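Remarks on the overall topology
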Amino acid sequence: MFGSGAMTNSIPEIENHDIIFVIGSNTTETHPIIGLKMKKAVRRGAELIVADPRKIDLVRFSSVWLQQRPGTDVALLNSIMHVIVKEDLIDKKFIMERTEGFASFKESLLAYTPEEGERITGVSREDIIKAAFLYGNAVRPGIYYTMGITQHTHGTENVYAIANLALMTGNLGRESTGVNPLRGQNNVQGATDMGCIPDFYLGYQKVTMPGIRQKFEKAWGIHLSDTPGLTATEMTRAALEGKIKALYIMGENPVLSDPDMNHTIQALKKLDFLVVQDIFPTETAELADVILPAACFAEKDGTFTNTARMVQRVRKAVEPPGDAKEDSLIIVELAKRFGVDMTYDIIEDVFREAGNLWPALAGINYRRIAKNGLQWPCPTHDHPGTPYLFKGAFPRGKATFTAVQFRPSDELPDHEYPFLLSTGRHLFHYHTGSMTRRVDPINRVSPCAYIEIHPEDAQTLNVREGDAVRVSSRRGTIEIMVLVSGRPAKGVVFIPFHYREAAANVLTNTALDPISKIPELKACAVRIERVETSPK
Amino acid sequence: MVTLKIDGQKVTVRKLSTILDAVRKLDIPIPTLCHHPELSPFGGCRLCLVEINGSPKPVASCTTFARNGMDVTTTSPRLEKLRKTTLELILSDHPKDCMVCERAGDCKLQELAYFYGIRENRFGGEQRVYEKKDNNPFIARDMEKCILCGQCVRICDEIQGVGAIDFAYRGLRTKICPPFENDLNCEFCGQCVAVCPTGALTGKMWDQKGRQNFKEVDTVCPYCGCGCNITLHIWRNEVRRVSSKEETLNEGWLCAKGRFGYGFIHSPDRLKKPLIRTAPKDISAFPIHQTNPPLPPFTKGGRGGIHPSSFSLHPLSSFKEVSWDEAFDYIANRLKQIKENYGPDAIGGLSSARCTSEENYLFQKFFRAVIGTNNIDHCARY
Ligand code: FES
C-alpha cells in the first residue's frame, strides 16, 4: 500500500486518461458526473476496461468487459498481473526506485495463470489477457473502484491487489495516472479526514502512535483516552453484547444501511440510551430515546471535501424549519452541559483549528475557496493544492507490494440458498432514501423496490416481470417485485438498498473484512420463491 | 497555430479552431443559437454568419475552420439583414407567450428578437401545434417553442451518452422527440434543459415558481462524492430551482438528483422540534417481514409513487415535543449517568458523511475530548 483512502488524481484529469479500468463501480449511476468524464475520455480516444458482475451502463462504452463472479476480484486482478509479468509489461525503474517486496510478490502470482483466472472468475482467458495488455501498455491509465471492491470480507485484499497492479506498472504519481477509490457520499472524505474514525485523529494521525495523543491533548487542553475505539459495525455488535450502553447517531440511518437489519434493530433496541440527530424521522430515529432536528446542507455554512480531496464551500441559503438547528450548534451546546467550552465565533474558526492540527489543510481558508475548491495537501497559503498525489515519492518512502491470495466470500450459494445476492444503489435514489424518497418527482420515476433477475433464472423460477417474489437469506425475508434483466449474470441477483419496505439489508451478511471492518454487503446467498397471491 | 484577422484585429488560435472560436477569443459578440463549445458543430441556425474577404457568400463561423491570413468581418449591413431575416423566420411560428414563458428573461431567442427589434412578423405563418404528452415528472417539453437548434439532441448523445431524443420527420414537420414520439424515458439528468436556448425544455417543478429576482447561493451538491458545484435559487426562504455554472468542476453538468432532487429541503416531514420518547420502544417496533406492493412504476404507464408520509413514522405517537434546553439537559444527564456507571467506552458516536467537515470535526472532538472515548465512526464502510 502507499497511502490513505483518497483519489490520487483529480476529476478534470479523468478526460486525459488513455486507459480507464473501472472495477466494482457502477460509476454512471453512483457518480454520474465522474461517469460523464469517463465517457468524455472515451470520446477522446481512451479505452475502457470494465470489470463488473453486472452489465452496467458503462459496458456500452468499453473495449472489454470482464464479468467476474461476485467476490472473485483478487483472482481476476492476480491473473491480469500474471500476464503483465509474463509479457514483461512491468515498470522496472519504478519498481526499483519506489517500491519494495516485488520479488516475493511476483512469486505469489505464479499460480494465477489466465486459465486459473478463468476457472475462478468465469472471465475468459482471452479477455483477461486483453485487459492485461491494455492496462500494461497504457501511458496514462486510471483505476477506479468503489464499494464493489471494498464491501467484501476480503475487501482489503482487493484493494491491495489494485495497488499492486498500479505499482508494478509504475502507474502512480503522474498526471492522469493513478488509483482512484470513489467515495460514495458528499462528504465521506471530509468525515474521514476530520477523524471520525476510531483509530485515527484528524488527518490520519494514529491514536496509538506515541506523541500524537499528547499533541491533541495539548491542543484541546484535556486528557484523552488511549484505548482504540470501535468501528460502527463493532459498536453494533458491542451493543448487542451489552458493552455499549449509549449511542449518539448524527445524520445516519444504520437500520437501513447496515447489513442484517434484524441484527441492527435488536442491537439498537438493547441500548440504554439512543440519540438520533437528523433532518428526517428515519427508521433509526424510530428506535431513539431522543430525536434532535438538524439543519440540512442548504441551511448551514461550512465545507465538504469531495472524493478527489477537494475542499469546497457549502453556503447557507435558507433558514432551517421550525426549531431545527445546525449540527455544529447542537454539539457545542451539549458540550457546555459537560462543562466544556467548544464555542466558536464563525464556523471558519473550526476549520482553522483543524488546519492547525493537520498541515495538509493549513493553507486552505474560506477566502481561498470562495470560488473554486482546493485539493489537500495544501500546506501553505500560497500552495496551489495537489491535483495528484505521490509525485516523486510516497509519504512512507517506498511503497510495498502485498501478496494476496484469492479467498472465497464468507457465504456462497448452496443447495438451500442457491442465488448470490449483490446490493447497491441506482441512479434515482440515494442511499437509504430518507431524502430522495421524499422528493415527489423522483419517487414517481422510481417508486418501488425490485430484484434484478437474469431471464433464464426467471424462467426457472417461473416468474415474470412485475411478479412478486419472496427472497430469503439465513437472516430474514422480504417480498419484492421482479425485474427481469440481462444485467446480472445467471445465478446472481441484485437489489437496491434504498427501499425500506423491501430492505435489501434484511438479507445481507454481517461478516466483516478483518482489517477494514467493512461488511460483506456485495455477496450473500439467498433463496427466491414465487409469491402466489400478489401482495396488496 | 493559425493567425487571422477579425474586424481588423489580429488573432492567433490553435489549429483546427473555427472562426467562431477566434471571434470568441477576441470577445466580439456574434449571435449564435445552435452552437455549444462542448458539442460537435452543427451549423443549423445560420446566425453566426460572417463575411470572409474574397469569398462571395457569407459562411457560418461555427462550422468553418480558421485559416492563416483570413480576413473576417463579423458585422455589416448585409450580415445584419440576413440575421434579422433568419430570426424573423424562426419567430414566424413561435408562440408569442413570452409573458408567461418559463424562460423569459433567460431566453436567447427573446434577447435576439429584442436586439433586432422584431415586432411585427412579415412571415406570420401557420403555427405548429404539438400534443403534450409529458407524463414524466421532471422535464416539460413545449415543442412549439423548439427552434431545432439540436443542442439537446447532441448533449444527450455526445455528453450523456444516452441518445434519448433525436430529430424526426422532415421539412416543416421536423421535430425533436424520443423514438416513436413516446414520452421521455431517460436518465432525466436535465442537461438538455440546461442548454435549451428557448422555453422548449424547462423543469416541471419550476412552473410558476419564479424566473428572475432569485437570490442565488453557490454551494455543493449534497448527494454523491463528486462534489458538483450547484447554485440554489432562493425565493422567500425557499429553494425554488437548482442550476450549475459552466465554469465549475462539473462543467455545469448535473444528474437527476442534483438538478431535480432538492424537494426534500422543504418536505413537510422535516423534523422541527426536539423529541423525547414517552412510550416504550416495543410499540414502535419496526415490521421485519415486509411486503413491497408492486405498484406500476411511472415508466410503465402507471401513476406510481408512494406518498412520503406513508413510510415515515408519526413521531408524536411515541414522542413528545420538548424545548432544546430540556433535550440538552436530558441527554447530558443520561450520558453522564452511563459514563459514571460503565465508563466512557460504553458510549459511542456515529458521525455523518452528509454533514460538513466542521461538524464532523466538532463531533469527534466531542466524543474524544468531552465523553472521553475513541468510539467514533461514520458510514465510510457502507
Ligand atoms: S451558431 Fe453557427 S449556425 Fe448556429
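Further remarks concern the overall build of chain A. In terms of helices and strands, chain A carries 18 helices and 21 strands. At 24 Å, chain A has a C-alpha radius of gyration in line with the 24 Å of a compact globule built from 536 residues. Along the longest, intermediate and shortest principal axes, the C-alpha atoms of chain A span 65 × 65 × 45 Å. Taken over 536 residues, chain A has a buried fraction of 69%. For chain A, long-range pairs separated by at least 24 residues make up 70% of all intrachain contacts whose partners lie at least 6 apart in sequence. Counting only carbon and sulfur atoms, one obtains 52% of the accessible surface of chain A, whose full area is about 17,700 Å². Averaging the coordinates of the 61 positive side-chain charges in chain A and doing the same for the 64 negative ones gives two points 3 Å apart.

Further remarks concern the packing of aromatic side chains. Residue and element names in this part refer to chain A. Taken as a whole, this structure holds 26 aromatic pairs over all chains when the rule is applied. Ring geometry for Phe21 against Tyr135: centres 6.3 Å apart, planes inclined by 55°, an arrangement best described as tilted. Pair noted here: Phe21 is in strand E1 (residues 19–23) and Tyr135 is in helix H7 (residues 125–136), with a separation of 114 residues, a long-range link. By relative accessible area, Phe21 is classed as buried at 1%.

A few words now on the pairing of strand E12 (residues 302–305) of chain A. Residue and element names in this part refer to chain A. Side chains Gly302 and Phe304 project from E12 onto one buried face, and the interleaved Thr303 and Thr305 project onto a second face that is buried too. Bridge count between E12 and strand E13 (residues 310–314): 4 bridges; the pairing is antiparallel. From the neighbouring strand, Thr303 faces E13, where its bridge partner is Arg313. Linking E12 to E13, which pair antiparallel, is a turn of 4 residues; within it Arg309 sits at a positive phi near 65°.

This part covers the sheet that holds strand E14 (residues 374–375) of chain A. Spatially, the 3 strands line up as an open sheet ordered E12-E13-E14 (chain A), and their pairing is antiparallel. Since the sheet does not close on itself, it has two edges, and those belong to E12 and E14 of chain A, each with one partner.

On average, residues of chain B score 85 in pLDDT, and 89% of them reach the 70 mark or higher. In the predicted structure, residues 283–315 of chain B sits below a pLDDT of 50 and forms 86 contacts with residues beyond four places in sequence or in another chain.

For an interface, size is often stated in terms of accessible area lost upon the parts coming together. In terms of domain boundaries, chain B breaks down into domain 1 (2–75) and domain 2 (213–270). Centre-to-centre separation of domain 1 of chain B and domain 2 of chain B, based on C-alpha positions: 35 Å.

Looking now at the nonpolar core. In terms of nonpolar packing, the biggest core is built from 81 residues, with Phe297 of chain A together with Ile139, Phe188, Leu232, Phe264 and Ile265 of chain B touching the most fellow members. The next biggest cluster of nonpolar side chains, apart from the first, holds 62 residues, and it includes Met194 and Val207 of chain A together with Leu335 and Leu362 of chain B.

A separate point is the domain arrangement of chain A. Residue and element names in this part refer to chain A. For chain A, the assigned domains read domain 1 (12–181), domain 2 (188–375) and domain 3 (419–530). The C-alpha centroid of domain 3 is placed 27 Å from the C-alpha centroid of domain 1. Contacts between domain 1 and domain 3 engage 21 residues on the former and 23 residues on the latter. When domain 1 packs against domain 3, the two sides together hide about 1,800 Å² of surface, and 53% of this comes from carbon and sulfur.

This model, assessed by the stated rule, comprises 45 salt bridges over all chains. The salt bridge involving Glu333 of chain A is made with Arg337 of chain A; its shortest N-O contact spans 3.5 Å. Here Glu333 of chain A pairs with Arg337 of chain A, and both are found in helix H15 (residues 327–337), just 4 residues apart, close to one helical turn. For Arg475 of chain A, the salt bridge goes to Glu411 of chain A, with nearest N and O atoms at 3.0 Å. Taken as a pair, Arg475 of chain A in the loop between strand E18 (468–472) and strand E19 (477–484) and Glu411 of chain A in the loop between strand E15 (399–400) and strand E16 (419–424) lie far apart in primary sequence, 64 residues in all. The exposure class of Arg475 of chain A is buried, given its relative accessible area of 17%. The buried category is assigned to Glu411 of chain A, whose relative accessible area is 8%. Among the charged side chains, a salt-bridge network with shared partners connects Glu15, Lys37, Lys40 and Arg44 of chain A together with Glu38 and Glu251 of chain B.

Next up on the list: the interface of chain A and chain B. Contacts between chain A and chain B engage 179 residues on the former and 135 residues on the latter. Taken over both partners, the interface formed by chain A and chain B buries close to 14,000 Å², and the fraction arising from carbon and sulfur atoms is 63%. Of all residues in chain A, Arg337, Phe338 and Arg444 of chain A bury the most surface against chain B, accounting for 6% of the area lost on that side. Between chain A and chain B we count 9 salt bridges in total. The shortest N-O distance in the salt bridge between Lys300 of chain A and Glu359 of chain B comes to 3.1 Å. Across the chain A-chain B interface, the total number found is 61 residue pairs in polar contact (both at pLDDT 80 or more). The leading source of residues in the side of chain A that touches chain B is H15 of chain A, at 9 residues. Classifying every residue of the side of chain A that touches chain B by side-chain character gives 98 nonpolar, 36 polar and 45 charged. In terms of strand pairing, strand E9 (residues 246–250) of chain A meets strand E15 (residues 347–350) of chain B through 4 bridges, oriented parallel. When the sheet's bridge partners are listed, Leu247 of chain A is paired in E15 of chain B with Gly348 of chain B.

Parameters at a glance
Residues numbered from 1 in each chain as written. Chains lettered and ligands numbered in written order. Predicted model: local features only at pLDDT ≥ 70, side-chain atom pairs only at ≥ 80, totals over all residues. Heavy atoms only, no water. Helix = DSSP H or I, 4+ residues; strand = E, 2+ residues; numbered from the N terminus. Rg over C-alpha atoms; globule rule 2.2 N^0.38 Å. Buried < 20%, exposed > 50% of the residue type's maximum accessible area, 1.4 Å probe, protein only. Contact = heavy atoms within 4.5 Å. Areas by Shrake-Rupley, 256 points an atom, 1.4 Å probe, with all protein chains shown as cover. Lys, Arg positive; Asp, Glu negative; His and termini not counted. Charge placed at Lys NZ, Arg CZ, Asp CG, Glu CD. Phe/Tyr/Trp six-rings, centres within 6.5 Å; stacked < 30°, edge-to-face > 60°. Pairing = 2+ DSSP bridges. pLDDT = per-residue confidence, 0-100. Domains from an automatic or database assignment. Core = buried A, V, L, I, M, F, W, Y, C linked by side-chain atoms within 4.5 Å. Buried area = accessible area lost by both parts, 1.4 Å probe. Salt bridge = Lys/Arg side-chain N within 4 Å of Asp/Glu carboxyl O. Polar contact = N/O pair within 3.5 Å; in protein donor to acceptor, adjacent residues only side chain to side chain. Nonpolar A, V, L, I, M, F, W, Y, C, P; charged D, E, K, R; others polar.

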